[in-house]
Amino acid sequence: MDAKNAAEPTVLGRPHIRVEGYEKVTGSAVYASDTRDGSVAHAALVTSAIARGRITGFDRSAAEAVPGLLGIFTHRDFADAVAPVPHLMAGGYVNSAHRPLASDRIAYAGQIVALVVGRTQEAAARAAALLQVRYEAEPAAGTFDDPGAEIVRLADLKPHHEDIAKGDPDAAWPSAAARIAARYETPVQHHNPIELFTTRCAWHGDTLTVHEPARYIGAVQHGLAAQLGMDPARIRVISGLIGGHFGSKFGLSQHTALVALAAKRVGCPVSLVPTRRQCFTIANYRPESRHHIRLAADRDGRFTALVHEADVITSRFDPFAMEGAEVTASLYACPAIRTEERAVRVDRNTPGPMRAPPEVPYLFALESAVDEMAWELGLDPIALRRRNETATDPISGKPFSTRPLMACFEAAASAFGWARRAPRGERLRDGPWQIGLGCASSVRPVKIAAATMRLRLFADGSAEVATAHHEIGNGITTLLAMGVADRLGIPVERVRVRLGDTALPPAGISGGSSTTTSLMNTLVLGCDRLCAQLKQVATTSGRPLAGCDPGSLRLAGGALAAPDGRTLALGAAAGLQDPAGIEVLAEFVPPGATAKALEDLRAGHIGLTIGGAALSWGFGAQFAEVHVHADTGEIRVARLTGAFAAGRILNPLTARSQLVGGMIWGLGSALLEETVLDGATYRNPDLAEYLVPTAADVGVVEALLVPDPDAIVNPLGVKGLGELGIIGVNAAIANAIHHATGRRIRRLPIRIEDLA
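It should be emphasised that the depicted structure is a prediction, and the values quoted were computed from it without experimental measurement.

**Considering the packing of helix α14 (residues 476-488) against helix α15 (residues 515-538)**
- The geometry of α14 relative to α15 is characterised by a closest axis approach of 10 Å and an angle of 30 degrees between their N-to-C directions. By the criterion of interaxial angle, the relationship of α14 to α15 is roughly parallel. Regarding α14 and α15, the two cross each other, and that crossing is right-handed. Across the interface between the two elements, I476, L479, L480, G483, V484, R487 and L488 of α14 pack against T515, T516, L519, M520, L523, V524, C527, D528, L530 and C531 of α15.
- Its residues placed into classes, the contact of α14 with α15 shows twelve nonpolar, three polar and two charged.

Shown next as structure tokens:
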């Protein structure tokens, strides 16, 4: 990419408010369920009251008496109407391969057993509530250790997975000067975005339009086509502004095809807005996990052995389980490492990614064990991490493209005031409050995907960028506008950004912190291509800059400038070729990927690339100050300080916002969030009893940005940071609680009853 094309002064790297912010704060932003274009029927779901068994019948009489009812659809109506499609992470398109109305079988509690359609939302909800379903229940396994739970090695469940084996940790264990052997546990957690998992389907002849908040509309389009036996070109999926997903809204939902079929049956568009409680089972969640860590070190604190054995929950019917030991195995220098990951299949819905999917639970275990090792050896936790720093991956031997982990610790420790931390055995007090300070690492591999994008420059000097990606609230709309302004030298306000429509050039999934890495590199490629065409047009014979070498032109103030002093506004140059302006299509293939990445993208398949000749990670250091009441066990997080290095930061304002939000979510992960299980049923599927942090729970939160120039990771040097802010916060808080009280809590969330 040609650095000479960047206009001066630069826009990228400077704080900029969100360009879509006004719409959001005034309530004028349009989300999927806000779409209004004529008469719309409304749908409501009926979900199963048992976790395993079969449906033996329905009593429809009361439901059918509801005025305005248009239809009740069950497995008797749709059993053969939806073709099976594999999970998105198994070469398919869906967030769950389970087809809820395919038969009378019940696979989990909360499974969709009927779709009810009425002329109004009230009619549909009333009829759904009156529909009686009869069941024949069977014993169900809900979680670890339940009778019937099936343990499967990930290496047997997922073809690409390989457990790690380097050296001989068992041989190193007996002679180690210090050893930590412990089990750590994390709970079930649900995403709970404010915008629910809505769907609106409308038929226009034999074409289908779907309005649905999804983080990969390409998968929705192609997956729905496969389910319904249609040409993907006859399905248009629109996903405008998304009211949060945090890993949910993952691929094609189970209910989308049902809503589409219902819309065809009743002869008008149908809109489904499920309840919050139903969203706990019709979408994905973060599964509970168990981690057995064995960590050994010599007298100087250098690690000599690491064993990480992990068990995670998954469903009976999908080959999906969240793996993450490859990150914990590569974080610190160690000569002997072994990992083993297992899935435990139970009678529940399929889990899925939740922001920082493997790193949040896996690094809670490792970073807690590292803190335990520091106490065992009488070392400062930062000093222990410094002694086990490595410039290369201990597993593959590859170098890190950059590794500013300790720079993050130094920056955060200074801002946090780590020097006031009392040494072992000396604790801080403020009256009845015991004060503890803790820290943990935050790391995440950089991911990047193929993307395509259309760029237009109009004769009036305005521009447009269009791609079938999504604005999930992370600020990508603003970044794209800033990027065009930066490369072409036009005001941000003169750039229009179009996203979230399969009619636009395809782009991949919004996940893995890959949005910025993928789209911004595509954007720069497109801007450079656009500039090259403008220079060629402007220097053609008879044109204003004729006779100049196109390579000698530079951008200045939104114009092409020739060495002899002649200038030509970019808009005027675009109008020379066509009064409507000039258009280019950019196709970006990540470094190390092949052209097949574009084929997969156009087919709606997931394709995130990790690594290459070097490992590229984002890094951070999390610090927490925790106050624990000596009499009641009440826990207060007074301060969170994090320092993060994530390559080139394109908009510091939205970057800090993302990081602070992640840190607050990390607080919730440590102390509050837990979906409670009763057998195989969720007992708190709402925001009244599923606890999330409120303003009263959050103290001072500070996110620092550490310089991290990386010329290897990708042409633009960006790494993505959406996931980074939450990672390690749970361990930092748990470590701070231990520092305050001397009690080591290894199971999340940590509650008063653990300390009282």
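**Here's the deal with the sheet that holds strand β32 (residues 700-705)**
- Strand order in the open sheet formed by five strands is β17-β18-β28-β29-β32, and the pairing between neighbours is mixed. Only two strands of the sheet have a single neighbouring strand rather than two, namely β17 (428-430) and β32. The average angle at which neighbouring strand axes cross in this sheet is 25 degrees, direction not considered.
- Two strands pair when backbone bridges link them, and strand β18 (residues 433-445) and strand β28 (residues 617-629) are joined in this way by 13 bridges, in the antiparallel orientation. Its bridge partner lying in β28, V443 is registered against F619.
- Contacting β18, β28, β29 (635-645) and β32, helix α13 (residues 405-416) runs over the sheet at an angle of about 30 degrees to β28.

**Examining α15**
- Here α15 contains 24 residues, and its C-alpha end-to-end distance of 34 Å stays within 8% of the 34 Å for a straight helix at 1.5 Å per residue.
- In terms of burial, α15 is largely enclosed, as 19 of its 24 residues are buried.

**Brief notes about the sheet that holds strand β6 (residues 132-137)**
- The three strands lie next to each other as β4-β2-β6, forming an open sheet whose pairing is antiparallel. Both edges of this open sheet fall to β4 (105-106) and β6, since each of them pairs with a single strand only.
- Taken together, the six bridges between strand β2 (residues 53-59) and β6 define a ladder with antiparallel strand orientation. Within the sheet, the bridge partner assigned to G53 lies in β6 and is A137.

**Quick look at the pattern of salt bridges**
- Overall, the coordinates contain 47 salt bridges when judged by the stated rule.
- A salt bridge links D460 to R494; the nearest nitrogen and oxygen atoms lie 4.0 Å apart. Taken together, the positions of D460 in the loop between β20 (451-457) and β21 (463-466) and R494 in the loop between α14 and β22 (495-498) put the pair 34 residues apart, joining distant regions of the chain.
- Accessibility expressed as a relative area gives 51% for D460, which makes it exposed.
- For R494, a relative accessible area of 35% puts it in the partly exposed group.
- Connected through shared salt-bridge partners, R52, R105, E138, R316 and D347 make up one network.

Thresholds applied
Residues numbered from 1 in each chain as written. Predicted model: local features only at pLDDT ≥ 70, side-chain atom pairs only at ≥ 80, totals over all residues. Heavy atoms only, no water. Axes fitted to C-alpha atoms, helices over the stretch in contact; angles between N-to-C directions. Helix = DSSP H or I, 4+ residues; strand = E, 2+ residues; numbered from the N terminus. Parallel < 35°, antiparallel > 145°, perpendicular 65-115°, else oblique. Left-handed = near helix turned anticlockwise from the far one by under 90°. Contact = heavy atoms within 4.5 Å. Nonpolar A, V, L, I, M, F, W, Y, C, P; charged D, E, K, R; others polar. Pairing = 2+ DSSP bridges. Expected span 1.5 Å × (residues − 1). Buried < 20%, exposed > 50% of the residue type's maximum accessible area, 1.4 Å probe, protein only. Salt bridge = Lys/Arg side-chain N within 4 Å of Asp/Glu carboxyl O.

So, to be careful, I would describe these as geometric facts and stop short of saying anything about function.
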